[in-house]
2 protein chains.
Amino acid sequence: MPQVRFDTHTISAGALKQLTVRLLEGVGVESRDARLVADMLIEANLRGTDSHGVARLPHYMRRIEQGSINPRPELAVQEISDSCARVYGNNGLGQVVMQRATVEAISLAERSGAGWVSVAGSSHCGALAYYGLQIADAGMIGLVFSHVDSMVLPHGARKPFCGTNPICLTVPREKSGAGQLGSGALCLDMATSKVPWNTVANAATEGVPIESGWAVDAEGRDTNDAKLVSSLYPFGSYKGSGLGLMIDVLCAVLSDSPFGPEIPAMYGDLSEPRRLGGLVGAIDIGRFVPLERFHRRIAEMIHLWTALPPSEPGGRVLFPGQPELEHREQRLRDGIPLGHNLLRELESLAHQHGVGPLFDQLVLPDARPGAPHIIARDVQSVLGSRSNEDEARVERLN
Amino acid sequence: MPQVRFDTHTISAGALKQLTVRLLEGVGVESRDARLVADMLIEANLRGTDSHGVARLPHYMRRIEQGSINPRPELAVQEISDSCARVYGNNGLGQVVMQRATVEAISLAERSGAGWVSVAGSSHCGALAYYGLQIADAGMIGLVFSHVDSMVLPHGARKPFCGTNPICLTVPREKSGAGQLGSGALCLDMATSKVPWNTVANAATEGVPIESGWAVDAEGRDTNDAKLVSSLYPFGSYKGSGLGLMIDVLCAVLSDSPFGPEIPAMYGDLSEPRRLGGLVGAIDIGRFVPLERFHRRIAEMIHLWTALPPSEPGGRVLFPGQPELEHREQRLRDGIPLGHNLLRELESLAHQHGVGPLFDQLVLPDARPGAPHIIARDVQSVLGSRSNEDEARVERLN
C-alpha cells in the first residue's frame, strides 16, 4: 500500500461534527440535513476514508453557493411497487438524496422482502458504506451503486469512459451494536479503478513516481509521472472495466441520467448540477433464513477466514470492512488527523460564517501539532500539503 | 491472453446437442431436462466457454451414476412474497435447478418489478451467462451468483477459502433476436479468481511456465510451475478477494448451504452431493424507465464505448459479452472445435449407451482432422491432450 507522510493536527470527532453542521447551515442547508451530512462526513473520517470525509465540505459549500447543489431540495419519492421505487433528488446534496433512497429501500424490503430504489437528480454522495451499513444494521443485505464522471480507461482503450464507479455490498454479521454504525457488518465498498485517484495525487504531491500499470497520460500512454496522469486503469483488467460499465448502466441508464462521458465533472463548472444517478438495493434476510442462524453462520465463516495462515509472517487475513472498523475504533479514541491546509480552509470558512469559536475547539488538547503522522492506507487523501492542482486531483476522486 | 495449441475436430452444434440429449437420457435424466442441459452445454461451447460446455458431460454422468446427482429431482419452489422465493434442488443437475430459479425470478419481477430467488440443494450449474441472458431477453437486469468449493486465496492468505465464485450481470441492449439467446444483451460473466483454473491446467499440459502472481503451490508460495499449483490468486487483489467472499455469503449463507471450505469438492467423492447454493435476481427495467428508451441509451453508450481509441494499434474496445457473441456467430457457422481426448470419451459413452451412430454424425464433413486449431481465449480448456491429472485440474475449475 502506498504511504504518504504529512503533518496533521488531531481533531475531536464531536467538535468537527458540530462545526460541519454549522457551516452547512451557514450556506442554507436545513438543520436536519446538515446533521445528516455532517454525520456521514465524520463517519467517513472515522473509518479512515478521509477522501470522503470533511475534506469535501468546502467543495459542497462552493457548489451550494454557486447554485448547482440545492440546499433545500424537495425530494420526490415514487413507489412503483412493494419492492421498487424512484427517488428524484432535485439536485440536493448527494448524501441527503441517497439517504432517502436507503430508507426507502429498507422500507420496501421490510414490506416485500426486496427493495430496489433508483436515484436521479443527485450529486456526490460520499462513501457508499454509510448507506450499505444502515441496510446491514436493519438485518438486510445491502447492494449500493453510484457513478461519477469519466476518468477510468475501459480495458484496451486509451481514453476514459466510466468514473471510478463504486459498488458496496454489505451483510450483517451480528446484531448491530447500539449507536455503532455497521459495527456488526461485513462491508465491501470499492471503486472499480485499480488505484484511487488520490493515491496518484499523493505521489504527485510527494514528487515520487507511480508504478506502471496504474494510470496513463492524456495521450493514453502508461506513465510513471504522477503529475502527467490523465486517466486511471480499471482494477482487475477487463473484469473491473466491465463491472464499472455495468455499474454505470445500473446508476445512469436505469434512472435515465447521464452516463460516463456525459456526466458534468465534479471539479468542472460549479454552477452546473451533476445530475448523478444511483441504485440502492436491500434484501430482507429473515425472509430466506432465520436472521440468528445467518449471524451464526457468518460468525463461523469469518472465524475461519481470519484464522487462515497469512502469506507474510505477522500478516493478517482481514474481512471486508475490518480495516475501516479498526480505524473507527482508534479514531474515536484518539481523534481524527486532519492536514494543515484543510484546517486552514475550515478556519477561514468558520470565520466567514461566524462560527470561529467552534473552530477553536477542534484541536484536541493533547495533540502535538506538527508531529508527523503516517497514513498507511491508500484511501487517505493528501490534505496536508496540497496545491490547488492537487485539490482538483483529489476532488476528482470522488 | 494465454494461448494453447492442440489438435481438434470440428463438430456440428446440432449433432452434438442430439448426442448430449441421448447420453443424459441414457443415465436417467428426464427428456425435457436432458434437452435443457444439452442446450446449455452446447450454448457454452458456441460462446467459446468450452470449460463449461460438453467437456463437463462425462463428469455429470459419473455423478448421476454414483448417486450424488439426482437425474429426476423433485424441485421445491417456495414463494415467500411477490419478489422473493426459494428453490430447493433436491440434488438435481445444477442447470435444471438454476433454470427453475431463473424462470421464477423473471416471473416474480414481472409481478412486482423485482425478483430474488435463493437456491439450495443444487450442483454445478455451468456458465451463469445462460441464466443472466434469459433475464436480459425478458427486458430485465439480471444478477446471478454461484459458488464452488475452496480454491482461491483470500488477499493476504496462503491457503484458499472461496471458490472461483462467479458473478454475472446482464442488461438488454436491444430487443432480443429471435431464437438467439442474449444476442441483444451486455453480459459480464466473470470468476473472482485472477486466472481461470484451466489456464493453469493448459500451461501444465503444455509444459510452459505460468506468470508470477497467478497461483501458489500447496505451501502458499507463488509458483511459476503450473504442475505445482494448488490455489489461485483472486482477481484485483483485495477487491476480488472480498467480492468472492460476499458472493459466498449470497449463495451459501442466505440459502443455508455450505460455504467455501465446507463445500464438497467437485472432483472429490462423486457419491457425495455438492449441496451448492446460488442466487438469481431480476429487475424489471420497464418499471423504472420505458424499455425502448433504455435500449436506445444502451445503444448510445455502447456506440461511444466501442468507438474509443484502442490502446494498441489495431486493437478494439469490446463491450462485456461481445467476445462470446462473436464466438457464437463463428461457431454456429463453422462448428465447435473439440479435442481428441474428449471425443474419444464421448465415443466410448455413446457406444456404452447404444447411440454410437449419433456419435458418427458429429464430425463435420469438411473438417480437417488433425489440423492445429489455435485457441486464443483463456476460457478454453485443454481437452486435446489431457491426462487424468489435468482432468482433475480442469474439473476443479468449474
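Residues numbered from 1 in each chain as written. Chains lettered and ligands numbered in written order. Predicted model: local features only at pLDDT ≥ 70, side-chain atom pairs only at ≥ 80, totals over all residues. Heavy atoms only, no water.

A few words now on the overall build of chain A. A count of helical and extended segments in chain A gives twelve helices and twelve strands. Counting every position in chain A, which comprises 398 residues, the buried fraction comes to 64%. Taking contacts inside chain A between residues at least 6 apart in sequence as the whole, the part at least 24 apart equals 72%. Counting only carbon and sulfur atoms, one obtains 48% of the accessible surface of chain A, whose full area is about 13,700 Å². (Helix = DSSP H or I, 4+ residues; strand = E, 2+ residues; numbered from the N terminus. Buried < 20%, exposed > 50% of the residue type's maximum accessible area, 1.4 Å probe, protein only. Contact = heavy atoms within 4.5 Å. Areas by Shrake-Rupley, 256 points an atom, 1.4 Å probe, with all protein chains shown as cover.)

What follows covers the pairing of strand β4 (residues 114-122) of chain B. Residues and elements named next belong to chain B. Extensive coverage of β4 is indicated by the burial of nine of its nine residues. When strand β3 (residues 84-88) meets β4, the two strands line up parallel, connected through five bridges. Its bridge partner being in β4, Cys84 is matched across the sheet by Trp116. Traced from β3 through helix α4 (residues 94-112) to β4, the parallel crossover comes out right-handed. Bridge count for β4 against strand β10 (residues 276-284) is seven bridges, and the pairing is antiparallel. (Pairing = 2+ DSSP bridges. Right-handed = clockwise from strand over helix to strand, strands pointing away.)

All right, on to the side chain of Gln322(A) then. Residue and element names in this part refer to chain A. Its location among the elements puts Gln322 in helix α9 (residues 322-334). Taking the relative accessible area as the measure of exposure, Gln322 reaches 12% and is therefore buried. Discounting chain neighbours no more than four positions away, the residues touching Gln322 are Thr306, Arg316 and Val317.

This next bit is on the domain arrangement of chain A. All names here are of chain A. Under the domain assignment used here, chain A contains domain 1 (1-66 + 323-398) and domain 2 (68-193 + 234-290). If you look at the interface, domain 1 gives 30 residues, while domain 2 gives 37 residues. Summed over both sides, the interface between domain 1 and domain 2 buries roughly 2,900 Å², with carbon and sulfur atoms accounting for 61% of that surface. Remark: the boundary between domain 1 and domain 2 carries zero salt bridges. At the junction of domain 1 and domain 2, the tally comes to nine residue pairs in polar contact (both at pLDDT 80 or more). If you list the elements that add at least two residues to the side of domain 1 that touches domain 2, you get α2 (31-46), α3 (57-65), α9 and α12 (388-397). Looking at the side of domain 1 that touches domain 2, the element that brings in the most residues is α2, giving seven residues. (Domains from an automatic or database assignment. Buried area = accessible area lost by both parts, 1.4 Å probe. Salt bridge = Lys/Arg side-chain N within 4 Å of Asp/Glu carboxyl O. Polar contact = N/O pair within 3.5 Å; in protein donor to acceptor, adjacent residues only side chain to side chain.)

With that settled, consider the pattern of salt bridges. This structure, assessed with the given rule, holds 32 salt bridges over all chains. The salt bridge involving Asp149(B) is made with Arg274(B); its shortest N-O contact spans 2.7 Å. Linking Asp149(B) in the loop between β5 (140-146) and β6 (167-172) with Arg274(B) in the loop between α7 (237-253) and β10, this pair joins segments that are 125 residues apart in sequence. The buried category is assigned to Arg274(B), whose relative accessible area is 3%. Ionic pairing is found between Arg333(B) and Asp334(B), a salt bridge with its closest N-O pair at 3.3 Å. The class of Arg333(B) is exposed, set by a relative accessible area of 58%. The class for Asp334(B) is partly exposed, based on a relative accessible area of 35%. Among the charged side chains, a salt-bridge network with shared partners connects Glu79(A), Asp82(A) and Arg111(A).

Moving on, we come to the relation of the copies chain A and chain B. When chain A is brought onto chain B, the operation consists of a screw motion whose angular component is 180° and whose axial shift is 0.0 Å, with 0.0 Å RMSD remaining. Read as a symmetry element, the transformation amounts to a two-fold axis. Residue Gly236(A) of chain A places its C-alpha closer to the rotation axis than any other residue of that unit, at 2.1 Å. A share of 99% of the interface residues of chain A reappears at the interface of chain B, consistent with the copies meeting face to face through the same patch. (Least-squares fit on C-alpha atoms with pLDDT ≥ 70 in both.)

A separate point is the environment of Val152(A). Residues and elements named next belong to chain A. Examined against the element boundaries, Val152 turns out to sit in the loop between β5 (140-146) and β6 (167-172). Accessibility expressed as a relative area gives 5% for Val152, which makes it buried. A C-alpha to C-alpha distance of 18 Å links Val152 and Ala127, two positions 25 residues apart in sequence. Apart from the residues within four sequence positions on either side, Val152 is in contact with Pro160, Phe161, Cys162, Gly163, Thr164, Ser193, Leu232, Tyr233 and Pro234.

Residues and elements named next belong to chain A. Overall, the coordinates contain eight aromatic pairs over all chains when judged by the stated rule. Aromatic pair Phe161 and Phe259: ring centres 6.0 Å apart, planes at 20°, arrangement stacked. On the criterion of sequence distance, the pair formed by Phe161 in the loop between β5 and β6 and Phe259 in the loop between α7 (237-253) and β10 (276-284) is long-range, its members being 98 residues apart. Summarising the burial analysis for this pair, Phe161 and Phe259 share the class buried. (Phe/Tyr/Trp six-rings, centres within 6.5 Å; stacked < 30°, edge-to-face > 60°.)

Moving on, we get to the sheet that holds β5(B). Residues and elements named next belong to chain B. One open sheet holds the seven strands; their spatial order is β2-β3-β4-β10-β5-β6-β7, and the pairing between them is mixed. Each edge of the sheet is formed by a strand with only one pairing partner; in this case those strands are β2 (76-79) and β7 (185-190). Across the sheet, the mean angle from the axis of one strand to that of its neighbour is 10°, orientation sign disregarded. Note that β6 and β7 share six bridges and pair antiparallel. Bridge pairing in β7 links Leu169 to Leu188. (Axes fitted to C-alpha atoms, helices over the stretch in contact; angles between N-to-C directions.)

Residues and elements named next belong to chain B. For the structure on display, the rule yields zero disulfides over all chains. No disulfide involves Cys251; its nearest neighbouring cysteine sulfur is the one of Cys125, lying 8.6 Å away. Overall, Cys251 belongs to the buried group, its relative accessible area being 0%. (Disulfide = S-S within 2.5 Å.)

Attention shifts here to the environment of Pro357(B). Among the secondary structure elements, Pro357(B) is positioned in helix α11 (residues 356-360). Sequence-wise, Pro357(B) and Arg333(B) are 24 residues apart; in three dimensions their C-alpha atoms are separated by 23 Å.

The next thing to look at is the sheet that holds strand β3 (residues 84-88) of chain A. Residues and elements named next belong to chain A. Reading across from one edge, β2-β3-β4-β10-β5-β6-β7 is the order of the seven strands in this open sheet, with mixed pairing throughout. Both edges of this open sheet fall to β2 (76-79) and β7 (185-190), since each of them pairs with a single strand only. Going across the sheet, the axis of each strand differs from the next one's by a mean of 10°, ignoring polarity.

The next thing to look at is the interface of chain A and chain B. On the chain B side, the residues contacting the 76 residues of chain A number 75 residues. Both faces considered, chain A and chain B share a buried interface measuring about 6,600 Å² in area, 75% of it formed by carbon and sulfur atoms. For the pair chain A and chain B, the interface holds four salt bridges. A salt bridge links Arg293(A) to Asp256(B); its shortest N-O distance comes to 2.9 Å. The interface formed by chain A and chain B includes 22 residue pairs in polar contact (both at pLDDT 80 or more). Contributions of two or more residues to the side of chain A that touches chain B are made by β3, β4 (114-122), β5, β6, β7, α7, β10 and α8 (291-306) of chain A. Looking at the side of chain A that touches chain B, its residues break down into 47 nonpolar, 15 polar and 14 charged. (Nonpolar A, V, L, I, M, F, W, Y, C, P; charged D, E, K, R; others polar.)

This paragraph deals with the nonpolar core. In a soluble, globular protein the nonpolar side chains are often hidden away together inside. Among the nonpolar cores identified, the biggest contains 82 residues, and Trp116(A) and Trp116(B) are the most heavily contacted of them. Among the nonpolar cores identified, the runner-up in size contains 65 residues, and Met61(A), Val97(A), Ala105(A) and Leu181(A) belong to it. (Core = buried A, V, L, I, M, F, W, Y, C linked by side-chain atoms within 4.5 Å.)

Right, let's get into the side chain of Ser122(A). All names here are of chain A. Turning to its location among the elements, Ser122 is positioned in strand β4. Exposure remark for Ser122: the relative accessible area of 2% places this residue in the buried category. Setting aside its immediate chain neighbours within four residues, Ser122 contacts Gly92, Gly94, Val97, Arg274, Arg275 and Leu276.

Residues and elements named next belong to chain A. Counted at 1.5 Å a residue, the expected span for helix α1 (residues 13-26) with its 14 residues is 20 Å, and the 20 Å between its end C-alpha atoms agrees. Buried within α1 are the following residues: Ala13, Ala15, Leu16, Leu19, Thr20, Val21, Leu23 and Leu24. Positive phi shows up at Gly28, right after α1, with a value of about 100°. (Expected span 1.5 Å × (residues − 1).)

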